[in-house]
Amino acid sequence: MIVSVASGKGGTGKTLVATSLALSLSDNYKVQLLDCDVEEPNANILLHLVINQSQPVYIPIPRVDEAKCTYCGKCAEVCAYNAIAVVKEKVLIFPELCHGCGACSYLCPESAITEESREVGIVERGNSGNLELIQGSLAIGEAMAPPVIREVKRYIDPANIVIIDVPPGTSCPVIEAIKESDFCLLVTEPTPFGLNDLVLAVEVARELDIPCGVVINRDGVGDDKADRYCQEQGIPVLLKIPLDRRIASLYSKGIPLVEGMPRWSEQFLRLFQDIKDIIAASRVTK
Ligand code: SF4
Ligand code: SF4
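Caption draft 1: Seen up close, unusual backbone geometry. Notably, His 48 is not glycine yet its phi reads approximately 60 degrees, a positive angle. Counting through the fold element by element, His 48 comes out in the loop between α2 (43-47) and β3 (51-64). Of the residues examined, His 48 reaches a relative accessible area of 53% and is grouped as exposed.

Caption draft 2: Up close: the pairing of strand β10 (residues 212-219). Counting buried residues along β10, 6 of its 8 residues qualify, which places the element largely inside the surrounding structure. Here strand β9 (residues 183-188) pairs with β10 via 5 bridges, running parallel. When the sheet's bridge partners are listed, Thr 188 is paired in β10 with Ile 216. For the handedness criterion, the β-α-β arrangement of β9, helix α7 (residues 192-207) and β10 is classed as right-handed. Remark: the β10/helix α8 (residues 225-233)/strand β11 (residues 237-242) crossover connection has right-handed handedness.

Caption draft 3: Layout of the packing of aromatic side chains. One pass over the full model with this rule turns up 2 aromatic pairs. Measuring from ring centre to ring centre gives 6.3 Å for Tyr 29 and Phe 272, while their planes differ by 55 degrees; the resulting arrangement is tilted. Here Tyr 29, found in the loop between α1 (14-25) and β2 (31-35), pairs with Phe 272, found in helix α11 (residues 264-285); they are 243 residues apart in sequence, far enough to count as distant. When the centroid spacing of 6.4 Å and the interplanar angle of 55 degrees are considered together, the rings of Trp 264 and Phe 268 count as tilted. Taken together, the positions of Trp 264 and Phe 268, both in helix α11 and 4 residues apart, correspond to about one turn of that helix. Comparing Trp 264 with Phe 268, the two get one shared label, buried. Here Arg 154 stacks its cationic end above the ring of Tyr 155, 5.7 Å away from the centre of that ring.

Caption draft 4: Region of interest: the site of ligand 1. Around ligand 1 sit Cys 69, Thr 70, Tyr 71, Cys 72, Gly 73, Lys 74, Cys 75, Val 86, Cys 108, Pro 109, Glu 110 and Ile 113, and those are all the residues in its vicinity. A class-by-class count of the residues in the shell around ligand 1 yields 8 nonpolar, 2 polar and 2 charged.

Each value, and the rule that gives it
Along each chain, the written sequence defines residue order, and numbers are assigned to residues from 1. In the order they appear in the text, chains get letters beginning with A and ligands get numbers beginning with 1. Given that this is a predicted model, residues contribute local features only at a pLDDT of at least 70 and side-chain atom pairs are listed and counted only at 80 or more, while totals for whole chains, interfaces and linings are drawn from all residues. As a rule here, side-chain values come from all non-hydrogen atoms in the structure, and water together with hydrogens is ignored. Put simply, DSSP H or I for four residues or longer makes a helix, DSSP E for two residues or longer makes a strand, and each gets a number counted from the N terminus. Exposure is judged per residue with a 1.4 Å probe applied to protein chains only, and the accessible area is read against the type maximum: over 50% gives exposed, under 20% gives buried, and values in between give partly exposed. For two strands to be treated as a pair, DSSP must find no fewer than two bridges joining them. A crossover gets the label right-handed when its path from the first strand over the helix to the second runs clockwise, viewed with the strands pointing away from the viewer. Pairs were defined over the aromatic rings of Phe, Tyr and Trp, the Trp ring being its six-membered one, requiring ring centres within 6.5 Å. Orientation was assigned from the angle between planes: stacked under 30 degrees, edge-to-face over 60, tilted for the rest. For a Lys NZ or an Arg CZ to count as sitting over a ring, it must be within 6 Å of the ring centre and within 35 degrees of the ring normal. One heavy atom suffices: a residue is near a molecule or strand as soon as one of its heavy atoms comes within 4 Å of it. The residue classification treats Ala, Val, Leu, Ile, Met, Phe, Trp, Tyr, Cys and Pro as nonpolar and Asp, Glu, Lys and Arg as charged. All others, Gly included, are polar.

These figures capture arrangement, not role.
In structure tokens:
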């Protein structure tokens, strides 16, 4: 089972929820936590696992053999990302824009394009007991998160419970991280910004046809509009975490909620049971 933990905006407590859910479940199940927030992977700031494997992530980028090139411009025409341009008698390649899709080399009529590898990030792994962490990190200055996220997801073992810590926002990296999930847990806070981004995140989950539910973090900080929105939309609010100085203090010290306040473990196990029930019900109705 794959459960994505997402939020339209950063700083809502997504990693707090993902790590506490993973830790609570790992007492009884084999769990993989995938940190796909590759621009700022911070699950391990809470988990403190020893990283024992590290693999670079490469994408193939084109290299042009000018001796074979006729400057026909076909490669620039097919590139959807404007990563290659033909100007007079010169082919220009912009590696930081290249998605490594291979279309230019495949379609070059002169077979003038070969591919070379470019490192865009790393994937690291660590484990403790039943819990395995797989985290991706984008190389400094890189903007191409999806290839690193794809590489992190390659380590998914379907026999395990998989929790994905999704990047914030609603753009390509988010879609790459949550697609193929069985459930999307949306973490929000009861503020106007939180609600605005929750609405966008719900749209993404619905577009991908993934059942979703909501966790309201810092409950009590704002108003009840997130609650009312969920009610109107028929989206279950599965857990509320109150605005509590002790919870914030644990997080700031790098202590997972369920370790600092073990009574929360029961709530996360109940949350998981609710998720399982919703997934089962959604499969019946499909
Ligand atoms: S498609 Fe091939 S031959 Fe045409 S400009 Fe590009 S590299 Fe040169
Ligand atoms: S590999 Fe794809 S993205 Fe990169 S330059 Fe070629 S067509 Fe463009």
